[in-house]
Amino acid sequence: MQEIKFYNGENIPLELHKVRIVQKLNLVPIERRLEALKEGGFNTFRLNTKDVFLDMLTDSGTNAMSDNQLAAMMQADDAYAGSQSFYRLQKAVEEVLGKKYYLPVHQGRAAENILSKAYIKQGSLVPMNYHFTTTLAHITECGGRIVELLYDEGYVMNSSHPFKGNMNIEKLEENIIRHGAENVPFIRMEASTNLIGGQPFSVQNLRDVRTIADKYNIRLVLDASLLGENAYLVKLREEEFNETSMADILKTMTDLADIVYFSARKLSSSRGGGICTNSEAIYKELEVLVPLYEGFLTYGGISVREIESMAVGLYETWDETMICQSPDFIRYLVDELDKNGIPMVKPAGVLGAHVNAMEFCSHIPQTQYPAGSLAAALFLISGIRGMERGSVSNQRDEYGNETYADMELVRLAVPRRVFTLSQIKYVIDRITWLYDNRELIGGLKFVYEPPVLRFFMGGLEPVNDWPQQLLAKFKEDFGESL
């Protein structure tokens, strides 16, 4: 993207859109925020938005839709079967993602369920660059297991490596040989790797994975939920593609995969999802499962209005000025926090800014969930709702033992075209204050723990009265300010 320079020397992202519809926010007093945390079990997923000021939990379904998407929703064809809205979406999938066959599902994890039901059996092994929570849950529920194959630099928090989401090609081949290609139903690549800080992979790495998949006759599956942002970082960071259009980069990537699936809540700023392929055989293997789990083949559990907005949203992934807004804001947020000494995952990735809670809260043992503690503390002192991406987001092993995450992160999602620069500066201010007072943050322990995806519904409580101590320090420094 052409950089826009300011005469005063500032290097700040410039919004290339104007705001036409607004939604009121509330910043409630810190005393109410503490009560809200108690009611929600110190789990930011369980907070009520009436108590949330800046909702940075996720970019899933929270991206701002365009005027053209909203307009398209008014032409929806409400037929149960054979809707014209579906055929418009199917055309968009073929033109943007380059896949002839499209199966609609209500969101990304529904696609993971279909793929797992179709291909995973007891003893299956799925190599991937890194897991996502719901992907892991679906695969293990069907009797399979995963192996994560990042290069060592993928685990380095503060790094200049441009593609920390790359899959380790040597380890990929070693695992296929060791376990047998017949036990590997597919290789999965996630664009971009959510749980290590939204880090992208390069096109060359995807080509190398394709070579191994072809050598052992294994399907290559691409999770394209954040494909637009991955393609944007390819354009910035991979020399071969510096002058290539977004449309061509997207097609280059999807052409390398046998199956592409996605959450439209991310990829096209709407709600829905899909699985697509150019293989009629794969389509036939999967199509019977869609009516069983989702809905008829021309709506798949998605509102037809959302289907219309998905079609427009897919075309908008070609628009660099639309795709770049979130990564550019994230880069600004990461760089400014890094200047203030806050430990961040670098380089800035996509989806959100990621705070290294293991270092931020180095005094909290991993057994007391430092990322969960930091997310709760941040909400308490600011009304900012981030997401724990650490050991709370992990699941116990088959024997009930805790499995600790490779990284303890707090994700501050920056949905497309939602926040203003002043709001981002508020985030920087409050995190900086919290870092200066980080010794006041204490640990958490589970009091209610669901057996699957516990981070969504689980309840925790502080190990001591640290929230009250933090509140007192906030009042001392800010007085009656919210």
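Model, not experiment: these values are computed from the prediction.

Q: Help me understand the environment of glutamate 287 in this model?
A: Turning to its location among the elements, glutamate 287 is positioned in helix α11 (residues 280-287). Residues glutamate 287 and glutamate 402, spaced 115 residues apart in sequence, show a C-alpha to C-alpha distance of 37 Å. The contacts of glutamate 287, once residues within four sequence positions are left out, are Leu103 and Leu297.

Q: Looking at this structure, how should I read empty space enclosed by the protein?
A: To locate leftover empty space, one rolls a probe as large as a water molecule over the atoms. Taken as a whole and assessed by the stated rule, the structure comprises four cavities of 30 Å³ or more. Approximately 100 Å³ is the volume found for the largest cavity. Contributing to the lining of the largest cavity are Phe42, Asn43, Thr44, Phe45, Gly372, Ala375, Met387, Glu388, Val392, Leu444, Phe455 and Leu460. Secondary structure elements with two or more residues in the lining of the largest cavity: α17 (370-382) and β11 (387-389). Partitioned by chemical class, the residues of the lining of the largest cavity number eight nonpolar, three polar and one charged.

Q: Sorry if this is basic, but what is going on with the sheet that holds strand β12 (residues 409-413) here?
A: Pairing between the strands of a sheet comes from backbone hydrogen bonds, and it takes one of two forms, parallel or antiparallel. Spatially, three strands are ordered β9-β12-β11 in an open sheet, and the strand pairing comes out antiparallel. Looking at which strands have only one partner, the edges of the open sheet turn out to be β9 (352-356) and β11. Sheet twist, expressed as the mean angle between neighbouring strand axes with direction ignored, is 30°. Pairing geometry for β11 and β12, over three bridges, is antiparallel. Paired with arginine 389 across the strands is leucine 409, a residue of β12.

Q: I would appreciate a short explanation of the packing of aromatic side chains in the present structure.
A: Between two aromatic rings, the relevant description is the distance of the centres plus the angle of the planes. Scanning all chains against the criterion turns up 19 aromatic pairs. Look at phenylalanine 53 and tyrosine 426: their rings are 5.3 Å apart centre to centre, the planes differ by 90°, and that puts the pair in the edge-to-face class. A residue pair is termed long-range when its members are at least 10 positions apart, and phenylalanine 53 in the loop between α1 (30-39) and β1 (54-55) and tyrosine 426 in helix α18 (residues 421-436) qualify at 373 residues. The exposure class assigned to phenylalanine 53 is buried, which follows from its relative accessible area of 16%. Judged by relative accessible area, which is 15%, tyrosine 426 ranks as buried. Each ring, one from tryptophan 433 and one from phenylalanine 474, has its centre 5.8 Å from the other, and the planes form 85°; the classification is edge-to-face. Of this pair, tryptophan 433 sits in helix α18 while phenylalanine 474 sits in helix α20 (residues 466-478), placing them 41 residues apart in sequence. With respect to burial, tryptophan 433 and phenylalanine 474 carry one shared label: buried.

Q: Looking at this structure, I do not really get the pattern of salt bridges. What am I missing?
A: Pairing of side chains with opposite charge becomes possible as their charged atoms draw close. The full count for this structure, using the stated rule, is 29 salt bridges. Notably, a salt bridge pairs aspartate 258 with arginine 210, separated by 3.1 Å at the nearest N-O pair. Of this pair, aspartate 258 sits in the loop between α9 (246-255) and β7 (259-263) while arginine 210 sits in helix α7 (residues 203-215), and the two are 48 residues apart along the sequence. Exposure remark for aspartate 258: the relative accessible area of 23% places this residue in the partly exposed category. We classify arginine 210 as buried; its relative accessible area is 13%. Bridged by salt links that share partners, the residues Arg32, Glu39, Lys50 and Asp51 form one connected network.

Q: What should I look at first to understand the pairing of β12 in this one?
A: Residues in a regular strand project their side chains so that they alternate between the two faces of the sheet. A large share of β12 lies buried, amounting to five of its five residues. Residues of β12 alternate between two faces, with Leu409, Arg411 and Ala413 on one and Val410 and Leu412 on the opposite face, all of them buried. Examined bridge by bridge, β9 and β12 share five bridges and lie antiparallel to one another. By the bridge assignment for β12, valine 355 is matched with valine 410.

Q: Even after reading the chapter, I still don't get the packing of helix α15 (residues 325-339) against α18, so can you show me in this structure?
A: Think of two packed helices as two axes; the pair is described by the angle between the axes and how far apart they sit. Running from N to C, α15 and α18 cross one another at 30°; their axes reach a closest spacing of 10 Å. Between α15 and α18, the angle falls in the class roughly parallel. Classified by chirality, the crossing of α18 by α15 is right-handed. Across the interface between the two elements, Phe329, Tyr332, Leu333, Glu336 and Leu337 from α15 touch Leu421, Ile424, Lys425, Val427, Ile428, Ile431 and Thr432 from α18. Looking at the contact of α15 with α18, its residues break down into nine nonpolar, one polar and two charged.

Q: Hey, could you run me through the environment of aspartate 429 in this one?
A: Relative to the elements of secondary structure, aspartate 429 occurs in helix α18. Here the alpha-carbon distance between aspartate 429 and serine 382, two residues 47 residues apart in the chain, equals 9.5 Å.

Q: Help me out: how do you make sense of the packing of helix α3 (residues 84-97) against helix α13 (residues 304-316) in this one?
A: Closest axis-to-axis distance for the α3/α13 pair is 9 Å, and the angle between their directions is 20°. By the angle between their axes, α3 is roughly parallel relative to α13. Helix-helix and strand crossings are classified by hand; for α3 and α13 the assignment is left-handed. Side by side, α3 and α13 meet where Ser85, Phe86, Arg88, Leu89, Lys91, Ala92, Val93, Glu95 and Val96 of the first sit next to Val304, Ile307, Glu308, Met310, Ala311, Leu314 and Tyr315 of the second. Each residue belonging to the contact of α3 with α13 can be placed in one class, and the counts come to eleven nonpolar, one polar and four charged.

Q: Is there a simple way to think about the environment of lysine 284 in this case?
A: Mapped onto the secondary structure, lysine 284 falls in helix α11. Along the sequence, lysine 284 and tyrosine 101 sit 183 residues apart, while their C-alpha atoms lie 9.8 Å from each other.

Q: Just checking my understanding: could you explain the nonpolar core for this structure?
A: Grouped together as the largest cluster of nonpolar side chains are 62 residues, with contacts concentrated most on Met56, Leu333, Phe360, Leu374, Leu412, Leu434 and Ile441. Excluding its chain neighbours within four sequence positions, the residues that come into contact with phenylalanine 360 are Ile342, Pro343, Val355, Leu374, Ile431, Leu434, Tyr435, Arg438 and Ile441. Residues Ala76, Val209, Ala213 and Leu233 belong to the second largest nonpolar core, which totals 61 residues.

Q: How do you make sense of the side chain of serine 268 when you look at a structure like this?
A: Mapped onto the elements, serine 268 comes out in the loop between α10 (264-267) and β8 (273-277). With a relative accessible area of 2%, serine 268 lands in the buried category. In contact with serine 268, other than residues within four places in its own chain, are Gln69, Ser309, Met310, Gly313, Leu314 and Arg416.

What counts and what doesn't
- Residues numbered from 1 in each chain as written.
- Predicted model: local features only at pLDDT ≥ 70, side-chain atom pairs only at ≥ 80, totals over all residues.
- Heavy atoms only, no water.
- Helix = DSSP H or I, 4+ residues; strand = E, 2+ residues; numbered from the N terminus.
- Contact = heavy atoms within 4.5 Å.
- 1 Å grid on protein atoms, 1.4 Å probe; cavity = no way out; pocket = protein on both sides within 12 Å on 5 of 7 lines; lining within 4 Å.
- Points joined across faces, edges and corners; volume = space filled by probe spheres on them.
- Nonpolar A, V, L, I, M, F, W, Y, C, P; charged D, E, K, R; others polar.
- Pairing = 2+ DSSP bridges.
- Axes fitted to C-alpha atoms, helices over the stretch in contact; angles between N-to-C directions.
- Phe/Tyr/Trp six-rings, centres within 6.5 Å; stacked < 30°, edge-to-face > 60°.
- Buried < 20%, exposed > 50% of the residue type's maximum accessible area, 1.4 Å probe, protein only.
- Salt bridge = Lys/Arg side-chain N within 4 Å of Asp/Glu carboxyl O.
- Parallel < 35°, antiparallel > 145°, perpendicular 65-115°, else oblique.
- Left-handed = near helix turned anticlockwise from the far one by under 90°.
- Core = buried A, V, L, I, M, F, W, Y, C linked by side-chain atoms within 4.5 Å.

Taken by themselves, the reported measurements are silent on function.
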